[in-house]
Amino acid sequence: MKRHLIAVGIALIALAAWVGTASAAAGDPPPGADQLVGQLAGTLQGAPAAGTAGQTASDASLPTGYAYGGTILAPSPGSSAANQTATNTGTADASNTSTTAQTATPTQTGGSSSCTAGCGGAGQSQNIDQSAKTTQDADADALAKQNAVNANVPIAIAGGNVLGGSSAANQTATNTADSTADNTSNTTQTATPTQTGGSSSCYSGCGGNGQSQNVDQSAKTKQDADADAKAKQDLVNANVPVSIAGGNVNGGSSAANQTATNTGTADASNSSTTTQTATPTQTAGSTSCWFGCGGNGQSQNVDQSSKTKQDADADAKAKQNAVNANVPVNIAGGNVNGGSSAANQTLTNTGTADASNSSTTTQTATPTQTAGSTSCWFGCGGNGQSQNVDQSSKTKQDADADAKAKQNAVNANVPVNIAGGNILGGASTANQTLTNTATATAPNTSTTTQTATPTQTAGSTSCWFGCGGNGQSQNVDQSAKTKQDADADARAKQDAVNANVPLNISGGNVYGGSSTSNQTATNNATANAPNSSTTSQTATPTQTAGSFSCWYGCGGHGQSQNVRQKGKTKQDADADAWAKQYLLNSDVPFALSYGRDPRGKRGVMTY
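Source: prediction; values computed, not measured.

Criteria and thresholds
Residues numbered from 1 in each chain as written. Predicted model: local features only at pLDDT ≥ 70, side-chain atom pairs only at ≥ 80, totals over all residues. Heavy atoms only, no water. Helix = DSSP H or I, 4+ residues; strand = E, 2+ residues; numbered from the N terminus. Buried < 20%, exposed > 50% of the residue type's maximum accessible area, 1.4 Å probe, protein only. Areas by Shrake-Rupley, 256 points an atom, 1.4 Å probe, with all protein chains shown as cover. Contact = heavy atoms within 4.5 Å. Patch = residues over 30% accessible without salt bridge, like charges linked within 9 Å, V, L, I, M, F, W, Y side chains within 5 Å. Salt bridge = Lys/Arg side-chain N within 4 Å of Asp/Glu carboxyl O. Disulfide = S-S within 2.5 Å. Lys, Arg positive; Asp, Glu negative; His and termini not counted. Charge placed at Lys NZ, Arg CZ, Asp CG, Glu CD. Pairing = 2+ DSSP bridges. Phe/Tyr/Trp six-rings, centres within 6.5 Å; stacked < 30°, edge-to-face > 60°. Axes fitted to C-alpha atoms, helices over the stretch in contact; angles between N-to-C directions. pLDDT = per-residue confidence, 0-100.

This next bit is on the overall build of the protein chain. Each helix and strand in the protein chain was counted, giving 0 helices and 42 strands. The 607 residues of the protein chain split such that 44% are buried. On the protein chain, roughly 25300 Å² of surface is accessible, and the fraction owed to carbon and sulfur atoms is 53%.

Printed below as a string of structure tokens:
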């Protein structure tokens with residue numbers, strides 16, 4: 001009989017990797033009677049970013065040994081292992097940042113006037129118009145896809161005995177998709193006009209000094225952030241040692257270990273800060289008039305308007321399919337001494353979506369009017385003061401966050417022993433630990449603060465006959481409107497199969513080791529859609545009438561104050577959390593033998 005020795009080595013190792021990362025990231029005028037300041041700032045920003053990472057990895061160890069009539073130390077000799085470590089990352093970042101600052105500080109100072117008769121007073125006028133418009137659009141997409149196959153398949157065929165070394169397939173895979181879209185704007189408007197009237201000395205029939213101030217501040221912010229992250233992971237890890245012998249098989253330990261992490265994170269944030277400050281100041285000079293003089297007139301108007309519109313949309317999807325299998329097969333004409341057999345699988349699948357809108361609006365108006373003292377002998381008109389403050393804030397926020405986590409996991413330990421003689425089975429274990437989490441958060445947070453502190457102080461009046469009193473008027477109008485819509489959806493779906501199915505078929509006796517199937521599964525779906533708005537309106541108008549000394553036929557001081565505050569808030573929050581879990585954990589040892597049972601009888605089948 002001829003002896004043939006055939007040695008066949010395998011060559012199947014393919015590795016292809018493609019990783020991509022993308023990222024994208026803003027003097028005083030000369031003295032005069034009239035001042036006009038206009039400021040206009042416009043900002044338009046668009047930042048799209050896309051990151052794609054695709055990875056296909058295959059790692060295979062397939063040692064094969066053949067012998068006829070001899071003994072094989074299978075498969076190398078020694079241990080056989082397939083180890084694979086794969087990391088796949090896709091990152092996209094789109095950020096818009098703008099800072100707008102407007103500062104106006106006009107100053108007017110009236111000179112002194114000496115008039116003998118019938119002169120008109122000096123007039124002063126100030127107008128400030130500030131307008132800021134900001135538009136921001138950020139879009140970030142990240143996609144990470146990973147397909148990984150890790151296989152260890154040693155095969156030993158012998159006519160004699162097979163002495164198998166340890167066999168293991170280890171796979172560690174990490175797949176991450178991270179997408180961030182941020183919009184941040186800071187708008188600051190500051191107006192500090194100052195008017196100072198000079199002193200006036202008039203004998204008769206003179207007109208008083210007139211002062212007028214107008215401040216108009218307008219800020220408009222529109223922000224749109226969209227972030228999408230998708231992470232998909234398909235994994236197969238297999239350890240399949242096969243030993244076929246005409247004699248005995250002494251199998252070493254066999255294990256398939258798989259650790260996989262799949263994460264998809266999307267963050268869409270809008271943050272705007274708007275600050276409007278107006279501090280107009282009017283100071284009237286003293287007036288000395290003998291007959292028929294008109295009083296000083298002062299007028300202040302402050303108009304502040306803030307409009308903010310924010311839209312944030314974040315979608316995160318994480319899908320994970322994992323198969324981990326340990327299937328040692330021993331076939332012998334003699335005895336089988338099986339080593340321990342284990343399949344261990346640890347999986348983490350996470351989908352997180354965060355869509356945040358945060359706006360802070362601060363409006364502060366502090367107009368101040370101070371009338372100078374008046375000394376009049378006959379028929380003089382009193383000083384007049386008027387203040388108007390109008391504050392309006394409108395905020396609209398829409399946040400939508402969707403997180404989906406889907407996990408399919410199969411972990412199987414199926415040792416098979418077939419022997420013509422006896423089977424001495426080692427411990428058999430299938431352990432599976434699963435974590436599947438979907439978290440969606442869509443918060444809307446706005447803070448609006450409106451503060452109006454107008455102050456009017458009338459100067460002292462000394463009048464002999466037929467004088468008119470000082471008049472004061474204050475109007476404060478505050479309006480805040482907030483509309484918020486938050487929608488958060490979280491879905492977590494988990495399908496898990498964990499099976500330990502040792503199979504022993506023997507013509508002799510079967511001595512089975514311990515058999516265990518352990519499964520730990522965690523499936524969480526969390527949806528949070530909070531709407532939180534804080535609106536503060538503070539109005540503190542102050543009117544102080546000056547002292548009044550009149551001899552005959554004088555009119556009294558007139559004072560008027562009107563405060564109007566209006567706050568409207570509309571909030572809509574919708575949160576849906578859905579967690580679905582299908583689990584199967586099975587420990588089914590099967591033994592079929594034609595040996596002796598504990599009572600000494602033959603021909604017994606045991607299940």
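Right, let's talk about the environment of Thr188 for a bit. Relative to the assigned elements, Thr188 resides in strand β11 (residues 167-191). Classification of Thr188 by relative accessible area gives partly exposed; the value is 34%. It is 8.9 Å that separates the C-alpha atoms of Thr188 and Ala219, two residues lying 31 residues apart in sequence. Apart from the residues lying within four places of it in its own chain, the contact partners of Thr188 are Thr100, Ala101, Gln102 and Thr275.

Looking now at a nonpolar patch on the surface. A contiguous nonpolar surface patch, about 390 Å² in accessible area, is contributed by Val149, Val236, Val323, Val410, Val497 and Leu584. By the element assignment, Leu584 lies in strand β40 (residues 558-587). For Leu584, a relative accessible area of 47% puts it in the partly exposed group.

Attention now goes to the state of the cysteines. What the rule picks out here adds up to 6 disulfides. Each disulfide pairs two cysteine sulfurs, and for Cys550 the partner residue is Cys554, the sulfurs being separated by 1.0 Å. Between Cys550 and Cys554 the sulfur-sulfur dihedral comes to about 65°; the bridge is accordingly right-handed. Cys550 sits in the partly exposed class, given a relative accessible area of 27%. Accessibility expressed as a relative area gives 25% for Cys554, which makes it partly exposed. When the cysteines engaged in disulfides are numbered in sequence order, the protein chain pairs them as 1-2, 3-4, 5-6, 7-8, 9-10, 11-12.

Another point: the pattern of salt bridges. Counted by the stated rule, this structure contains 1 salt bridge. Taking the shortest distance from any N to any O, the salt bridge between Asp477 and Arg564 comes out at 3.1 Å. Highlighted residues: Asp477 in strand β33 (residues 471-500) and Arg564 in strand β40, separated in sequence by 87 residues.

Turning to a negative patch on the surface, a few remarks are in order. Together, Asp485, Asp572, Asp574 and Asp576 make up a negatively charged patch on the protein surface. Considering each element in turn, the negative patch owes the most residues, 3 residues, to β40. Structurally, the position occupied by Asp485 is in strand β33. Looking at Asp485, the relative accessible area reads 30%, which means it is partly exposed.

Attention now goes to the pairing of strand β21 (residues 329-332). One ladder, built from 4 bridges, connects strand β15 (residues 242-245) with β21; its direction is parallel. Each residue of the ladder has a partner; that of Ala245, found in β21, is Ala332. In the sheet, β21 pairs with strand β27 (residues 416-419) via 4 bridges, with the strands oriented parallel. Its bridge partner being in β27, Ala332 is matched across the sheet by Ala419.

Each aromatic ring pair is characterised by the separation of its centres together with the angle its planes make. Summed over all chains, the structure comprises 13 aromatic pairs. Joined through ring pairs, the aromatic side chains of Tyr203, Trp290, Phe291, Trp377, Phe378, Trp464, Phe465, Trp551 and Tyr552 make up one cluster.

Another point: the environment of Asp574. By the secondary structure assignment, Asp574 is in strand β40. Of the residues examined, Asp574 reaches a relative accessible area of 35% and is grouped as partly exposed. With residues up to four places along the chain from it excluded, the contact list for Asp574 reads Ala486, Asp487, Ala488 and Ala529.

Overall, parallel pairing links the 5 strands, which are arranged β10-β16-β22-β28-β35 in an open sheet. Both edges of this open sheet fall to β10 (162-163) and β35 (510-511), since each of them pairs with a single strand only. Pairing analysis gives 2 bridges linking β10 to strand β16 (residues 249-250), with the strands arranged parallel. Across the sheet, Leu163 pairs through a bridge with Asn250, a residue of β16.

Take the sheet that holds strand β31 (residues 455-457) next. Spatial ordering of the open sheet is given by β6-β12-β18-β24-β31-β38, a layout of 6 strands whose pairing is parallel. A single partner strand is all that each edge strand has here, and the edge strands are β6 (107-109) and β38 (542-544). The mean angle between the axes of side-by-side strands here comes to 0°, regardless of whether they run parallel or antiparallel. The sheet contact formed by β6 and strand β12 (residues 194-196) spans 3 bridges and is parallel.

Overall, the prediction assigns the protein chain a mean pLDDT of 86, with 89% of residues at 70 or greater. Counted against residues more than four places away or in other chains, residues 1-33, with its pLDDT under 50, gives 61 contacts. Counting contacts from residues 597-607, a segment whose pLDDT is below 50, to residues more than four positions away or on other chains yields 16 contacts.

This part takes up the pairing of strand β13 (residues 200-204). Bridge count for strand β7 (residues 113-117) against β13 is 4 bridges, and the pairing is parallel. Each residue of the ladder has a partner; that of Ala117, found in β13, is Ser204.

The next point concerns the environment of Ala496. Relative to the helices and strands, Ala496 resides in strand β33. A C-alpha to C-alpha distance of 7.9 Å links Ala496 and Gln407, two positions 89 residues apart in sequence. Not counting residues within four places of it along the chain, the set of residues in contact with Ala496 comprises Ala409, Gln432, Leu434, Gln519, Tyr582, Leu583 and Leu584.

Take the side chain of Asp228 next. On the secondary structure map, Asp228 appears in strand β14 (residues 210-239). Salt bridges are absent for the buried Asp228, whose nearest opposite-charge side chain, Lys230, sits at 7.1 Å. Here Asp228 is in contact with Ala140, Asp141, Ala142, Ser179, Ala266 and Asp315, once residues within four sequence places are set aside.

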